[in-house]
Amino acid sequence: MARVHNFNAGPAALPLSVLEEAQRDLLELPHEGKSTGMSLLEHSHREAPYEAIHHEAIALTKRLYGLGDEHTVLFMQGGARAQFALVPMNFLKPGTSADYLVTGTWAEGAAEEAALVGSRRIAGNTKLPDGRFVRVPKQSELDLDPKALYVHLTSNNTLFGTAWGNYPDTGSVPLVIDATSDVMTRSVPWDRVACLYAGAQKNIGPSGVTLVIVRKDFLEAGRTDIPSIFRYKSFADAQSLYNTPPTFSIYLLRGTLRWIEQQGGVAWLEAESGRKSGAVYAVCDGDPDFFRAPVEKESRSRTNVVFRLPTPELEKRFLSEATKAGLVGLKGHRSTGGIRASIYAAVSMDSVEVLVDFMAAFRKTA
Ligand SMILES: *Cc1c(COP(=O)(O)O)cnc(C)c1O
């Protein structure tokens, strides 16, 4: 088998050891040292073999992020996009308002959904007249409402390759973070976080499950006049076994989190993300007229490295030769064009080195 170097934006690379274990467990899931005689897909979500996986995934999340009792870990469905709606549906009661920071397409989407549900302001927006985003706002550019219930931000802008290096100072107003494209790759100031959510399919698993971490006081104050399937409280009270969870997705999430812990946890991944993205940015900075990285340095993403080449023809050739060299998924988002290397948790430094060598070799022939 020849596995490629996978730079897909999501769904994305998973650790090989996790996939190999899944291959085995797809036929016969072991439990307490014995085979259960059936596939992990065939198990009830109300029986011990699955429950062990489920609760371990919750415990791993808490351990990796160093969460205490103030936060609850939930597994939900509908992707990160469902959270764009569920956050305001649960929290934004009449008479309250939230601030949204618009730093990219996903952040804009979240703000649009919130406006359908309740009252929200745009407290910062770095969209350029041509529709691109090349940086996050400076603290001095923010127009924050000190009475806001929360400030929503997207920690990493997956499409344009920008990120909040430091989270903004929002005073006593807590943050709600869409961390889909950098979850577990950086530490989080939990004392300031009311809610963090992330579709698993970029850094911590396959599609089908969304990790949601909610502070308990927000959970308790959540609206109860919305359908129960949309309430965080329903999921919290049932430890995310309110209805049938996506068992296979949670199984793979658990495997990926175990792998992250074995490698050295969030601190290791944070350093590794800096090293991996730094190697690609170094090539761009060494030849900035050829590898044109549009994002301002302080706002550079460590999980989605975006650059352009001097002409669309060169970009096309770059992508086709990269594919031949076993480097896949490097095409920029359909709305932005160019090149994007998504370097999530399971993309190895070895793969990045192959990419960096390929870039240098391509430069010589261009
Ligand atoms: C991919 C992505 C989304 C959308 O996630 P879905 O799970 O497809 O709904 C939302 N926000 C960010 C930051 C993303 O990277």
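Residues numbered from 1 in each chain as written. Predicted model: local features only at pLDDT ≥ 70, side-chain atom pairs only at ≥ 80, totals over all residues. Heavy atoms only, no water.

### A word on the overall build of the chain
Looking only at helices and strands, one finds 10 helices and 15 strands in the chain. Rg of the C-alpha trace for the chain: 21 Å, near the compact-globule value of 21 Å for 366 residues, within the 12% margin. Seen through its principal axes, the chain has C-alpha atoms that stretch 60 × 55 × 30 Å. Counting all 366 residues of the chain, 54% fall into the buried class. Across the chain, contacts joining residues at least 24 apart in sequence account for 66% of those joining residues at least 6 apart. Accessible surface for the chain amounts to roughly 15,600 Å². Of this, 52% is attributable to carbon and sulfur atoms. (Helix = DSSP H or I, 4+ residues; strand = E, 2+ residues; numbered from the N terminus. Rg over C-alpha atoms; globule rule 2.2 N^0.38 Å. Buried < 20%, exposed > 50% of the residue type's maximum accessible area, 1.4 Å probe, protein only. Contact = heavy atoms within 4.5 Å. Areas by Shrake-Rupley, 256 points an atom, 1.4 Å probe, with all protein chains shown as cover.)

### Things to note about the domain arrangement of the chain
Segmenting the chain into domains produces domain 1 (16-263) and domain 2 (265-365). With centres defined by C-alpha atoms, the gap from domain 1 to domain 2 works out at 26 Å. Contact residues are listed per partner, giving 26 residues for domain 1 and 25 residues for domain 2. Taking both partners together, domain 1 and domain 2 bury about 2,100 Å²; carbon and sulfur atoms supply 57% of that area. For the interface between domain 1 and domain 2, the tally reads 0 salt bridges. (Domains from an automatic or database assignment. Buried area = accessible area lost by both parts, 1.4 Å probe. Salt bridge = Lys/Arg side-chain N within 4 Å of Asp/Glu carboxyl O.)

### Structural notes on the site of the ligand
Near the ligand, the surroundings consist of 13 residues, among which R81, T158, D178, Q201 and K202 are the closest. Between the ligand and R81 there is a distance of 2.9 Å, counted from an oxygen atom to a backbone nitrogen or oxygen. In this structure, an oxygen atom belonging to the ligand sits 2.6 Å away from a side-chain N or O atom of K202. Protein chains bury 86% of the 390 Å² of accessible surface belonging to the ligand in isolation. Considered class by class, the residues forming the shell around the ligand number 3 nonpolar, 7 polar and 3 charged. (Near = heavy atom within 4 Å. Polar contact = N/O pair within 3.5 Å; in protein donor to acceptor, adjacent residues only side chain to side chain. Nonpolar A, V, L, I, M, F, W, Y, C, P; charged D, E, K, R; others polar.)

### Notes on the nonpolar core
Generally speaking, a soluble globular protein has its nonpolar side chains buried in company with each other. Ranked by internal contacts, the top residues of the largest apolar core, which has 50 residues, are Y65, F75, I177, V183, M184, L196 and I204. Each of domain 1 (16-263) and domain 2 (265-365) accounts for three or more of the residues forming this core. For L196, the residues in contact, after removing those within four places along its chain, are I177, A179, V183, V188, W190, L211, V212 and I213. Membership of the second largest hydrophobic core comes to 32 residues, among which are Y100, A114, I226 and A236. (Core = buried A, V, L, I, M, F, W, Y, C linked by side-chain atoms within 4.5 Å.)

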